[in-house]
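Reading the structure
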Amino acid sequence: MFGAMSDGAATHDVDPGAAPVSRRVAPLPWWFHVVLVVGVAALLWGTSTPMLNRNWLTVGGAVVTLASLGWLVQVVALVRNRQWSKGVLVLPLVMIVMGVALGIEAPLKLRWGATFHDPFEALTESVRPEDVPMTVGGLRVTQVERFGGDLVLHLEGEGVIDDGGLAFSMDGLDALLDSSGHEFGNIREIDTHWYVWNDD
């Protein structure tokens, strides 16, 4: 009797169809989100000048790319283990916000209003072609073209755009195009009477 009880107690049937026990996937650490935000900030800062800054864009792009790969690994692990973490929503939300900010040129417009506008506005009536090169608001002006009251300013490149800068006209873009005869590759308004242009 005891032998039978012993055999019964020691026998365990294993269900071959049972699902394997999944391990708990660790959430993304806090510093991951800090690194992500730093990378996005570098990208936004790189687009905050009319000529775009290659160094900031390179650093920001590399950081955001690495963060995206880490995020993808996390998502795959969660899917395989049938788990969910609210932390994986952070990167997509940050990328959406960044995309909207870049789409409306928020970095450039904010920095223009805070740093560049007043120094450039002050020279619209007095600057002459022979005054260059000069630094205005932290931007290096390499060439000045004056067409009556209209201005086309060439800025020193920052590694992305070779030929570009700012333009000014009290009478609007059509008047600037008529007075300068310049066929800009790309020109867009950044502020009242002010335009960003490039020929790349």
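Given the structure is predicted, the values throughout are model-derived calculations rather than measurements.

When you tally the buried positions in strand β4 (residues 164–168), you get 5 out of 5 residues, the bulk of the element. Both strand β3 (residues 150–155) and β4 contribute to a ladder of 4 bridges, which runs antiparallel. Opposite H154, over in β4, you have G165 as the bridge partner. Strand direction decides the pairing type here: β4 and strand β6 (residues 194–198), joined by 5 bridges, are antiparallel. Residue pairing across strands places A167 opposite Y195, the latter belonging to β6.

Attention shifts here to the sheet that holds strand β5 (residues 186–191). Taken together, 6 strands build an open sheet; the order of strands is β1-β2-β3-β4-β6-β5 and the sheet is antiparallel. Only two strands of the sheet have a single partner each, and these edge strands are β1 (134–136) and β5. Pairs of neighbouring strands in the sheet enclose a mean axial angle of 35°, with direction left out of account. Relative to β6, β5 runs antiparallel, the two sharing 5 bridges. Residue pairing across strands places I187 opposite W197, the latter belonging to β6.

Within this structure, the stated rule accounts for 5 aromatic pairs. Seen from their ring centres, F120 and W194 are 6.1 Å apart, and the 70° between their planes marks the pair as edge-to-face. Here W194 lies in strand β6 and F120 lies in helix α5 (residues 106–122), a separation of 74 residues in the sequence. Grouping residues by exposure puts F120 and W194 together as buried. An angle of 55° between the planes, with centres 5.3 Å apart, marks the rings of F184 and W197 as tilted. One end of the pair, F184, is in the loop between α6 (173–180) and β5; the other, W197, is in strand β6, and 13 residues separate them in sequence. Each of the two residues, F184 as well as W197, counts as buried. Taken together, the aromatic side chains of W112, F120, F168 and W194 make up a single cluster linked through ring pairs.

Parameters at a glance
- Residues numbered from 1 in each chain as written.
- Predicted model: local features only at pLDDT ≥ 70, side-chain atom pairs only at ≥ 80, totals over all residues.
- Heavy atoms only, no water.
- Buried < 20%, exposed > 50% of the residue type's maximum accessible area, 1.4 Å probe, protein only.
- Helix = DSSP H or I, 4+ residues; strand = E, 2+ residues; numbered from the N terminus.
- Pairing = 2+ DSSP bridges.
- Axes fitted to C-alpha atoms, helices over the stretch in contact; angles between N-to-C directions.
- Phe/Tyr/Trp six-rings, centres within 6.5 Å; stacked < 30°, edge-to-face > 60°.

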